[in-house]
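Structural features, examined
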Amino acid sequence: MLSRRRSYALVHSVLRQRSRPIATTANRQHDHAGDGTAATKWDRDGGTGLLRLRKHGNPPLPISPLLVGDKPRADRRPKASREQQKQEDLTGFQKVLASNPHALALASPVRHCTLTSAKLPKHFLLPFSTSLIPPSSSPSGKFKASLRPGHHSSLSNALPATSYVLNDAAVVAHLAKKSHWRTLVTERMKQHFAPIVQKNAKTINVKDFWSWNADATQIRERLERDVLHAVMEAAEYEGGRLVSDGDVAAACVILPCEFAGNVADLVGAGVTTHRLPGPPAGTTASEIPLSRRLDLEKPIGLLKHDLTTKVQLVFDRLAAHTT
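Residues numbered from 1 in each chain as written. Predicted model: local features only at pLDDT ≥ 70, side-chain atom pairs only at ≥ 80, totals over all residues. Heavy atoms only, no water.

In this section: helix α9 (residues 216-236). Compared with the 30 Å implied by 1.5 Å per residue over 21 residues, the 31 Å span of α9 between its first and last C-alpha is a close match. The set of residues buried in α9 consists of I219, L223, E224, V227, L228, A230, V231, M232, A234 and A235. Buried residues belonging to α9 abut β6 (125-133), β7 (144-149), α6 (169-175), β12 (300-302) and α10 (306-322). One or two residues past the end of α9 sits E238, with phi positive at roughly 50 degrees. (Helix = DSSP H or I, 4+ residues; strand = E, 2+ residues; numbered from the N terminus. Expected span 1.5 Å × (residues − 1). Buried < 20%, exposed > 50% of the residue type's maximum accessible area, 1.4 Å probe, protein only. Contact = heavy atoms within 4.5 Å.)

See the structure below:
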């Protein structure tokens, strides 16, 4: 008797599933630009259901029948990101933590290293993004892609996808050999590139469309440029309020690239020193934009501040890449 009831329940369950309308590609409503709704209705054969709209032009997916009757849950949108706390609202511990470069490095968002599969804070990784090469600039007259160092938000004509590898010069040298860099082209990059060349993302061959445009010298110069910009920003803050001319009370001391003095006479306990990178190849120290604002002949002390912490972070990224 029990087995017969189970058989009847199974048959009725299958019949109910077959009687429900199925959301196929033909009856799905695609996500149009500017549509702010989280769910949309669809009809087929007299049935009614809800579809969850998706980003990046992906077709919507049907919502579970368990949630169809619960409209507040079906229409629920992702929570907005919290507003950043103001400096005056921070507690004493939060202010100390905000000025600790080691804590901020560890608190950076965790990302996945494409080469080693390690999950590390973003501070210890190098970003790579895909930049589009228009047909007018391509020898083949077709759209091509170039893998370049940097986050996609900081590059022009870049696809909205970024991959990461360990911040190490040896890793970059390994990627440049035997086309190992092709592993950095992720499936998400292919999905964004496929509509441009009108191909299926699963059939795209990386060697036919992508090129490597990130040699070791270019990556190092990018890190050095980040250092110079951070030092300039801190030195120019409120007319140089953070510059203390190598005072032992400073949070860190920036040394010129050719400084030959005794560092021990300039710093006290707990004060770190950083040496500015030398001028780029083919230039002189006087051509560095920083030299127009600061005197590179003597050390520069920076007082404790959020900008000073940023300076220490970019120096740490440069040191990790070269050591």
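Continuing now.
Turning our eyes to something else, we now look at the sheet that holds strand β11 (residues 272-275). If you trace the three strands from one edge of the open sheet to the other, you get β11-β10-β12, paired in mixed fashion. The open sheet terminates on both sides in strands that have one partner only, identified here as β11 and β12. Sheet twist, expressed as the average angle between the axes of neighbouring strands with direction ignored, equals 25 degrees. When strand β10 (residues 252-255) meets β12, the two strands line up antiparallel, connected through three bridges. The partner of V253 across the bridge, within β12, is G301. (Pairing = 2+ DSSP bridges. Axes fitted to C-alpha atoms, helices over the stretch in contact; angles between N-to-C directions.)

Going through the model one piece at a time under the given rule, you end up with four salt bridges. The partner of E224 in a salt bridge is R220, with the nearest N and O atoms 2.9 Å apart. Here R220 and E224 lie together in helix α9, a separation of four residues that amounts to about one turn. Of the charged contacts, one joins R241 and E238 as a salt bridge, the two residues approaching to 2.6 Å between their closest N and O atoms. A residue is classified by how much of its surface remains accessible, and R241, at 43% relative accessible area, is partly exposed. (Salt bridge = Lys/Arg side-chain N within 4 Å of Asp/Glu carboxyl O.)

In this structure, F128, V165, F193, W210, I254 and V311 are the most contacted members of the largest nonpolar core, which totals 44 residues. In terms of residue count, the dominant contributor to this core is α9 (seven residues). Beyond its immediate stretch of four places on either side in the chain, V165 contacts C113, L115, F124, L125, L126, F128, V171, L175 and L184. (Core = buried A, V, L, I, M, F, W, Y, C linked by side-chain atoms within 4.5 Å.)

This part is about the packing of aromatic side chains. What the rule picks out here adds up to four aromatic pairs. With centroids separated by 6.0 Å and ring planes inclined at 25 degrees, the aromatic side chains of W181 and W212 adopt a geometry described as stacked. Remark: W212 occurs in strand β9 (residues 210-212) and W181 occurs in the loop between α6 and α7 (187-197); sequence separation between them is 31 residues. When its relative accessible area of 6% is taken as the criterion, W181 is described as buried. Each member of the aromatic cluster is reached from another via a ring pair, and the members are F128, W181 and W212. (Phe/Tyr/Trp six-rings, centres within 6.5 Å; stacked < 30°, edge-to-face > 60°.)

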